[in-house]
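Each chain, written out:
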Amino acid sequence: MTIKGTLETFNLRELLQMLAFNQKVGTLVLETERGPRTVYVDHGRASFLTSDLLTSESLLRLLRRRRVADPERLQRAYEIAERSSRFLGDILLEMGLLDEEQRTMYLEAAVCERLFNAQLTAINRFEFVDGKALDPDGREGEPIEPTLPVEGLLLELTRKVDHWQAIEQIIPTIHEIFEGTGQTVDLGASEEELDLEAAELVVPAIDGYRSLEQIATTSDVDLFSVVQIAACLFEGGAIRPVPTEDLLVRAEDLFSRGDPAHALPLLRRGIAVSYTH
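Residues numbered from 1 in each chain as written. Predicted model: local features only at pLDDT ≥ 70, side-chain atom pairs only at ≥ 80, totals over all residues. Heavy atoms only, no water.

### A short note on the packing of helix α5 (residues 100-120) against helix α6 (residues 150-167)
Here is step 1: Two numbers describe how α5 lies on α6: the axes approach to 10 Å, and their chain directions differ by 50°. Overall, the two elements α5 and α6 adopt an arrangement that is oblique. Here the hand of the crossing between α5 and α6 comes out right-handed. Between α5 and α6, the residues in contact are Val111, Cys112, Leu115, Phe116, Gln119 and Leu120 and Leu153, Glu156, Leu157, Lys160, Val161 and Trp164, respectively.
Here is step 2: Within the contact of α5 with α6, the residues separate by chemical class into nine nonpolar, one polar and two charged. (Axes fitted to C-alpha atoms, helices over the stretch in contact; angles between N-to-C directions. Helix = DSSP H or I, 4+ residues; strand = E, 2+ residues; numbered from the N terminus. Parallel < 35°, antiparallel > 145°, perpendicular 65-115°, else oblique. Left-handed = near helix turned anticlockwise from the far one by under 90°. Contact = heavy atoms within 4.5 Å. Nonpolar A, V, L, I, M, F, W, Y, C, P; charged D, E, K, R; others polar.)

Put into structure tokens, the structure is as follows:
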């Protein structure tokens, strides 16, 4: 049985809940603005496939951020995963860099991160392929074990989505470019449950040249944590949006120095802000 549709009818959380409730076994295929994504479901549990490198990438970023092991050894393990289409956690287990409990704990965190990113990504259409385990390239494969209870994943996804909606009242767009004001904020004293290890990477990256989305892309910090930390800094007066004129001046300077890759996001943001005022 194949189920098809658009996300005008269902959102991702509703789809996963429906598939879990009906004890479906198969693959939810999503056509997104960032390319195809797949989620494997099996009688109320979910996972990604071992050949889907995005899960291994999420795990790699998480482990580097947590300083779980030497970054060079983690990178070597990831390269093995890339070549062999195996899950990074399994390779790290064999290398003795993770134990079974750590592997499961970090797998769950990586899966939650991927589902949240999928929730934020524009999804054009979906299709449920019954009885098959498919990766984003359409190849059949093996799901990462253990598969995780959908109920628990949805609870965490809902918590993040609700929190994200509150953060959007403070920072409406991930394309915003912030700079420091010279003031400091004690993030450890915040009422928010902040990832302080992530904050060590995010705070110096807010340099007046990179958007929040760029910081998440180029660092080992997930987008939710980047924006959550930035919202606390902004509310505390430690950062401010770069003024439009400064965005355009910085973009022009980077263009003149032959760095269009870094200049274009500044220019786009400057133009976007100009149109809204």
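Having seen it, we continue.
### Quick word on helix α1 (residues 12-21)
Here is step 1: For α1, the complete set of buried residues consists of Leu12, Arg13, Leu15, Leu16, Leu19 and Ala20. Take α1 and look down its axis: the buried residues cluster within an arc of 165°, on one side only. Opposite its buried face, α1 presents the exposed residues Gln17 and Phe21, each directed more than 90 degrees away.
Here is step 2: Summarising the contacts, the buried residues of α1 are in contact with β2 (25-32), β3 (35-42), α5, β5 (123-130) and α6. (Buried < 20%, exposed > 50% of the residue type's maximum accessible area, 1.4 Å probe, protein only. Arc of directions from axis to C-beta.)

### Describing a nonpolar patch on the surface
Here is step 1: A contiguous nonpolar surface patch, about 330 Å² in accessible area, is contributed by Leu248, Ile271 and Tyr275.
Here is step 2: Among the structural elements, Ile271 can be located in helix α11 (residues 260-276). (Patch = residues over 30% accessible without salt bridge, like charges linked within 9 Å, V, L, I, M, F, W, Y side chains within 5 Å. Areas by Shrake-Rupley, 256 points an atom, 1.4 Å probe, with all protein chains shown as cover. Salt bridge = Lys/Arg side-chain N within 4 Å of Asp/Glu carboxyl O.)

### Observations regarding the packing of aromatic side chains
Here is step 1: Enumeration according to the criterion identifies four aromatic pairs in this entry.
Here is step 2: Taking the centre distance of 5.4 Å and the plane angle of 85° together, the rings of Phe116 and Phe224 count as edge-to-face. With Phe116 in helix α5 and Phe224 in helix α9 (residues 223-235), this pair connects stretches of sequence that are 108 residues apart. For the residue pair Phe116 and Phe224, the accessibility class agrees, reading buried in each case.
Here is step 3: Just above the ring of Phe224 sits the side chain of Lys160; from NZ or CZ to the centre is 5.2 Å. (Phe/Tyr/Trp six-rings, centres within 6.5 Å; stacked < 30°, edge-to-face > 60°. Lys NZ or Arg CZ within 6 Å of the ring centre and 35° of its normal.)

### What to know about the nonpolar core
Here is step 1: Core analysis: the biggest nonpolar cluster contains 71 residues, and Leu16, Leu28, Leu88, Leu92, Ile206, Leu212 and Ile229 have the highest contact counts within it.
Here is step 2: The dominant element in this core, judged by the number of residues it contributes, is α9, at nine residues.
Here is step 3: In this structure Ile229 touches Leu187, Leu194, Asp195, Ala198, Ala199 and Val202, once residues within four positions along its chain are discounted.
Here is step 4: If you look at the next biggest cluster of nonpolar residues, it comprises seven residues, including Val242, Leu254, Ala263 and Leu266. (Core = buried A, V, L, I, M, F, W, Y, C linked by side-chain atoms within 4.5 Å.)

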